[in-house]
Structures are given as structure tokens and as C-alpha cells.
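# A structural walkthrough
Spelled out, the chains give:
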Amino acid sequence: MCAMKREEAEALIQEVLEVYPEKARKDRAKHLAVSDPNTEQAKKCIVSNRKSVPGVMTIRGCAYAGSKGVVWGPIKDMVHISHGPVGCGQYSRAGRRNYYTGHTGVNVFGTMNFTSDFQEKDIVFGGDKKLEKLIDEIQTLFPLHKGISIQSECPVGLIGDDIESVSKKKAKELEKPVVPLRCEGFRGVSQSLGHHIANDAIRDWVLPNRDDDNSFESTPYDVALTGDYNIGGDAWASRILLEEMGLRVVAQWSGDGTISELELAPKAKVNLLHCYRSMNYLARHMEEKYGIPWMEYNFFGPTKIAESLRKIASLFDEKIQEGAERVIAKYTSEMNAIIEKYRPRLEGRKVMLYVGGLRPRHVVGAYEDLGMEVVGAGYEFAHNDDYDRTIKDLGEGTLLYDDVTGYELEEFVKRVRPDLVGSGIKEKYIFQKMGIPFRQMHSWDYSGPYHGYDGFAIFARDMDMTLNNPCWDKLQAPWKKADAAAKAA
Amino acid sequence: MPSVMINKTEAGGLSLYVPKKDLEEMIVSMEHEGPGLWGGELTLADGTRYYLEPMDPEPRLPITLRAKRL
């Protein structure tokens, strides 16, 4: 079983591109490529982070999704106001399954929707007064909140409301951080700009808050766990491994995180970065301003976990290095049992991925641990540097598709016939109806966690459950099956 | 005049990062490498050249600076 040959894959891309008008074809051709591990720089073979062609079905989100949905939303003890019409907040409410502990509506607010519900008169006369009133109401109804973030929706930018001045005024009144975010959905080409805007807001409005406060007692083993959004409990599954090896996790960014953890992160010794795309801006900033080194790691699948734990430990002293070895040894037999159980059932199966952030590259190791092969990978909103990192992890002849359109992805899947497709909810039912097993890999298809050793057990089970489900043999009606059998005979 | 971040890489070389362009590239040569004067004309691995106002003494890395593209 091997991936397609290089020429085959290239021919497939050409064939798929044929239906486009010439201009669109030229544009889309730059976003499709066949991987070659010898490529040093991704920009030579693939173009990314460009505006989507109008009329194609792109699967991207908006800047608001990147800021409210990804980076700020999981901060549990803050109230995140979706400032604008009611829909953006309501339809994105609680969909990402960022788990947290606490009493919702009392001291944490993760799954609640706060919105200023713009009406015509707010568009005409401006929404600043309404925003002030809303913040006062929040203070009355939820006095235990630790801060407020104002996530702008499109109209706020269009009518030019001054949310910064409202924020400053209210922050003074409430004596709590009030953070304005200019993450209107029309900004940028995808949710990626939302991550950047959110990072910049944390840099400007949150991080400096405790610059002069040295009351925090730090240890030499303090780390901040960044870029982990605790989807289905991911951050918890990662955190216990770090703690077991002797490190102290002082901040979780931002899954199950709090505003004070954000403020504390500059006191950590190392920033451990899981999702590079959405938090690298802050990691770079903290390295420059506070001198905190950062390191990317990968907690998918035992091979990569062991590699990452050793890499993390190498930044610390022998005690931690011993701890890392102890943790790896402790879980090895358990992991071997899982691989022994599932590998025979999954060996040699092919997977195509189209997700965002870090997954198309990070999960490759986990699939390989199960004997599966990734034959196609693509990102919704990656930049050049993500593809630089991805190409190293992929085999020769893997299809690469950036900001793939609905049509392209369907055609690729029809031709490659992978055994499993991992993508989002919008793609799920199309492929299931085509008879191809599918996992929704944005929020682990309502399962999880997938990070860490505990997560790998669930990952392996889920893949087996999906791939070897008896329903895939039942897609053809029984009388048609009999027909086909008769014909064959 | 893009704003660029200069950093030391794990291998010990210098890298230049242009946030706006997502460009992270190794610096292959730099006019003044210190100790003492630091900066001047620099060449990246892909051939692009930038100019940094020379600094004295050399700064703590990473550092964000305004660079001129040549």
C-alpha cells in the first residue's frame, strides 16, 4: 500500500483544475501541490494565506471566529461580548467544546452567549451607549466575572464605533480589565487574522498588567502551556504529563484558562506552544520582551509525545529529564497494548485531512503509530511557515491543498478513495453519503481528548470505531446488491 | 520599511522574521557582526537583502527593528 505516484497526483490536480475558467484555474493551481520531502521551502511549491476566489465554496471562517471562537472564547472567567447582531455569537456558542471547570453563569461563562444584539437604530446612531449599558448589566448580573472582552462583529467596524474609549472608561469604573478587539469579520482573508488581532490585544491590554508585580513566587520549573484550547479536555490530558515529569504549569492558554493565568504567563520559564498558528505572535513577543524562550511540541501519538517530552526536558535540568523518561516508561506498556489491539485493524489504511491550525501535520505521527498513512493534507488558513513545517512530516507524493474548495476536495476524495477523511462538519455528510468513513477533526467529532497518552487511547478507538463500522457495507440496497452479484457471476 | 524580528536559531545562526509576510529566513551574511558594531547590510538565504541601521553595542536577541529592503 503506498501513496499515489507523483505523476499520478500531478495529473489528478490538472484534471480537477480543468473545469475552472482560465483565471480561476491559474489562481487555484498555485494552491495545489504534491509534497516532496526534499523541498526546503514551502513557498516554492504552494501559495497560502490568499483571498479565496469568489464563487468557489471555501470552508474558511472569519476574523471574529479566530478571535472570539479560538483565542478568547475559552478564557473561562471573562465575559466575551459578541458586539453586533445576535447571530455571530449565538451560532458559534459552545460549538467548540472547550471544556472547563466551574459553575457556568456564576464564576465561569464559557458556554454562555453575551451579545449587544444590534438593531437598526444601533447601526444608525451607533452602539456605544448600548455597549456601556450592557457592561453595566453584566456587572450587576454576574459580579464574579474577572473581566470583559468586546469582540467586534462586522457592523462595528463599518459604522466606526469607538469601542476603545468605552473600554477604557468601563475598565476604570469596574476596576477590571475590559479589552476591545477589532476583529470584525470582514478583516483579512480567513480566521488567521483573528488570531493575530487577538494575540495583539493580549499583548497590549493584558500582559503588561502585572509587569511591576513581583509577588508571584516562581520556581525554576514553571512553564506555560500555550496554544491548547482544551477541546474535549485536550489541555488536561497534556497538563498531567507535564506535571508528572516534575514541571509546574502556571498558565493554560487558553483552554480552561483564566485572565490571571494570561497575566502570569510572563513569569513562566518556558512557553510550550502547541498550536503554532494561533499563538506564535505572542510567543515571539514574550521572547523579545520578557526573554522567555518558546518551543513547539506535539502531543499526538506515543512516538511524537515521547519525542516532545524529551525535547521539553532538554530545556531543564536532570531531574526533569529523569522525570520525562519515567513518564515515557510508565505509559509505554499501556501504549503498546493499544497499538497491538488496533494496529491490525487499521494497518495500511489511507487518510485524507483537511483541517486548520496544527492538525494536518501534528496528527500524522499518531496515524503512523497506528500503521495508517496520510495521503492528502491541507489547511484552511495556514501561512507559509505552517507548510514549511508540514512538508517535513509528509511522505513523497502526498497531495497538498491549501484553502481547498468544496468541489476540489470532493473530486480528490472520489479519485483517491481514502479509507478515512478527517475534516469539518460541513464536509462530514457529503463524504458519509459517498460511503467514506469520516471524522470531524475540528472538535474530535464530539469525542476527545486526543492529546497526550490518554488521548491516544481514545484516538485509536475512535478511528477503529469509524473505519470498521459495519454500516459502510450497508450503503447499497440489498436488492441492488443481489443484482450486482448476479451480474458478476 | 518593514518591521522585522531578528532571532538566534537553535543551530546558532541568525534568522529574520517578517510578520507581515510570514517570512522566516536564515541570515547568511551581515555587514557588521559585532562585537561592537552590529547591523548594516544583510543577505538572506533566498537572496533578499535588507539594511539595518548599525547598532553599537550589539543588542539582546530577539529584537524587533525597522529594516529597509534593498
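A short tour of the structure in this document, coming up. Quantities reported herein were computed from a predicted structural model and do not represent experimental measurements. (Residues numbered from 1 in each chain as written. Chains lettered and ligands numbered in written order. Predicted model: local features only at pLDDT ≥ 70, side-chain atom pairs only at ≥ 80, totals over all residues. Heavy atoms only, no water.)

### Some thoughts on the overall build of chain A
A tally of helices and strands in chain A yields 20 helices and 14 strands. A compact globule built from 489 residues would reach a C-alpha radius of gyration of about 23 Å, and chain A, at 24 Å, matches this within 12%. Principal axes of the C-alpha set define a box for chain A whose edges measure 80 × 60 × 45 Å. Expressed as a percentage of the 489 residues in chain A, the buried residues total 56%. Sequence separation of 24 or more characterises 72% of the internal contacts of chain A that already satisfy a separation of 6 or more. (Helix = DSSP H or I, 4+ residues; strand = E, 2+ residues; numbered from the N terminus. Rg over C-alpha atoms; globule rule 2.2 N^0.38 Å. Buried < 20%, exposed > 50% of the residue type's maximum accessible area, 1.4 Å probe, protein only. Contact = heavy atoms within 4.5 Å.)

### Focus on the pairing of strand β3 (residues 23-33) of chain B
Residue and element names in this part refer to chain B. Pairing of strand β2 (residues 14-18) with β3 involves five bridges; the strand directions are antiparallel. Among the inter-strand pairings, Leu14 is bridged to a residue of β3, identified as Ile27. Linking β2 back to β3 in an antiparallel pair, the connection comprises four residues, with Asp22 at a positive phi of about 55°. Examined bridge by bridge, β3 and strand β4 (residues 38-44) share five bridges and lie antiparallel to one another. Residue pairing in the sheet places Glu33 in a bridge with Trp38 of β4. Linkage of β3 to β4, two consecutive antiparallel strands, is achieved through a turn of four residues, within which Gly34 is found at a positive phi near 75°. (Pairing = 2+ DSSP bridges.)

### Structural notes on the sheet that holds strand β9 (residues 294-296) of chain A
Backbone hydrogen bonds hold the strands of a sheet together, and the pairing may be parallel or antiparallel. Residue and element names in this part refer to chain A. Spatially, the four strands line up as an open sheet ordered β7-β6-β8-β9, and their pairing is parallel. Only two strands of the sheet have a single neighbouring strand rather than two, namely β7 (248-254) and β9. On average, each strand axis in the sheet is tilted by 25° relative to the strand beside it, whichever way the strands run. The pairing of strand β6 (residues 222-228) with β7 spans five bridges and is classified as parallel. Residue pairing across strands places Leu225 opposite Gln252, the latter belonging to β7. (Axes fitted to C-alpha atoms, helices over the stretch in contact; angles between N-to-C directions.)

### Some thoughts on the interface of chain B and chain A
When the parts of a complex come together, some accessible area is lost, and that lost area is often used as the size of the interface. Listed as interface residues are twelve residues of chain B and, on the opposing side, 16 residues of chain A. Buried area between chain B and chain A, summed over both chains or domains, comes out near 1,100 Å², and the portion from carbon and sulfur atoms is 35%. Counting across the interface, chain B meets chain A through three salt bridges. Asp46 of chain B is the partner of Lys43 of chain A in a salt bridge, and the nearest nitrogen-oxygen pair spans 3.2 Å. In this assembly, chain B and chain A are joined by five residue pairs in polar contact (both at pLDDT 80 or more). The element contributing the most residues to the side of chain B that touches chain A is β3 of chain B, with three residues. Looking at the side of chain B that touches chain A, its residues break down into five nonpolar, two polar and five charged. (Buried area = accessible area lost by both parts, 1.4 Å probe. Salt bridge = Lys/Arg side-chain N within 4 Å of Asp/Glu carboxyl O. Polar contact = N/O pair within 3.5 Å; in protein donor to acceptor, adjacent residues only side chain to side chain. Nonpolar A, V, L, I, M, F, W, Y, C, P; charged D, E, K, R; others polar.)

### Description of the pattern of salt bridges
Residues and elements named next belong to chain A. Applying the stated criterion across every chain yields a total of 37 salt bridges over all chains. One salt bridge connects Glu325 with Arg310, and the closest N-O pair in it is separated by 2.7 Å. Of this pair, Glu325 sits in helix α14 (residues 318-346) while Arg310 sits in helix α13 (residues 302-313); the two residues are 15 residues apart in sequence, bridging distant segments of the chain. Using a relative accessible area of 38% as the deciding quantity, one classes Glu325 as partly exposed. Relative accessible area serves as the criterion here: at 41%, Arg310 is assigned to the partly exposed category. A salt bridge links Asp462 to Arg439, with the nearest nitrogen and oxygen atoms 3.1 Å apart. Here Asp462, found in helix α19 (residues 452-467), pairs with Arg439, found in strand β14 (residues 438-440); they are 23 residues apart in sequence, far enough to count as distant. What you see here is one network of salt bridges that share partners, running through Glu164, Arg182, Glu184 and Arg187.

### As for the sheet that holds β4 of chain B
Taken in spatial order, the seven strands of this open sheet run β6-β1-β2-β3-β4-β5-β7 (chain B), and their pairing is antiparallel. Unpaired on one side and paired on the other, β6 (63-66) and β7 (68-69) of chain B mark the two borders of the sheet.

### Brief notes about helix α3 (residues 63-72) of chain A
Within α3 of chain A, eight of the ten residues are buried, which leaves it mostly tucked inside the rest of the structure. For α3 of chain A, the set of buried residues is Ala63, Tyr64, Gly66, Ser67, Lys68, Val70, Val71 and Trp72 of chain A.

### Thoughts on the side chain of Asp369 of chain A
The residue Asp369 of chain A is located in helix α15 (residues 359-369) in this model. A distance of 2.3 Å separates polar atoms of two side chains, one belonging to Asp369 of chain A and the other to Thr303 of chain A.

### Brief notes about the nonpolar core
All names here are of chain A. Counting 97 residues, the largest nonpolar core has Trp72, Met245, Trp253, Ile312, Tyr367 and Tyr453 as its most contacted members. Here this core gets ten residues from one element, more than from any other, and that element is α14. Among residues more than four places away in sequence, those in contact with Met245 are Leu309, Ile312, Ala313, Lys319, Ile320, Gly323, Ala324, Arg326 and Val327. Ranked by size, the runner-up nonpolar core spans 26 residues in total, among them Ala9, Ile59, Leu409 and Phe438. (Core = buried A, V, L, I, M, F, W, Y, C linked by side-chain atoms within 4.5 Å.)

### Digging into a nonpolar patch on the surface
Residue and element names in this part refer to chain A. Together, Ile123, Val124 and Phe125 line one region of the surface with nonpolar side chains, adding up to about 340 Å² of accessible area. Tracing the backbone shows Val124 in helix α5 (residues 120-125). Assessed through its relative accessible area of 59%, Val124 is described here as exposed. (Patch = residues over 30% accessible without salt bridge, like charges linked within 9 Å, V, L, I, M, F, W, Y side chains within 5 Å. Areas by Shrake-Rupley, 256 points an atom, 1.4 Å probe, with all protein chains shown as cover.)

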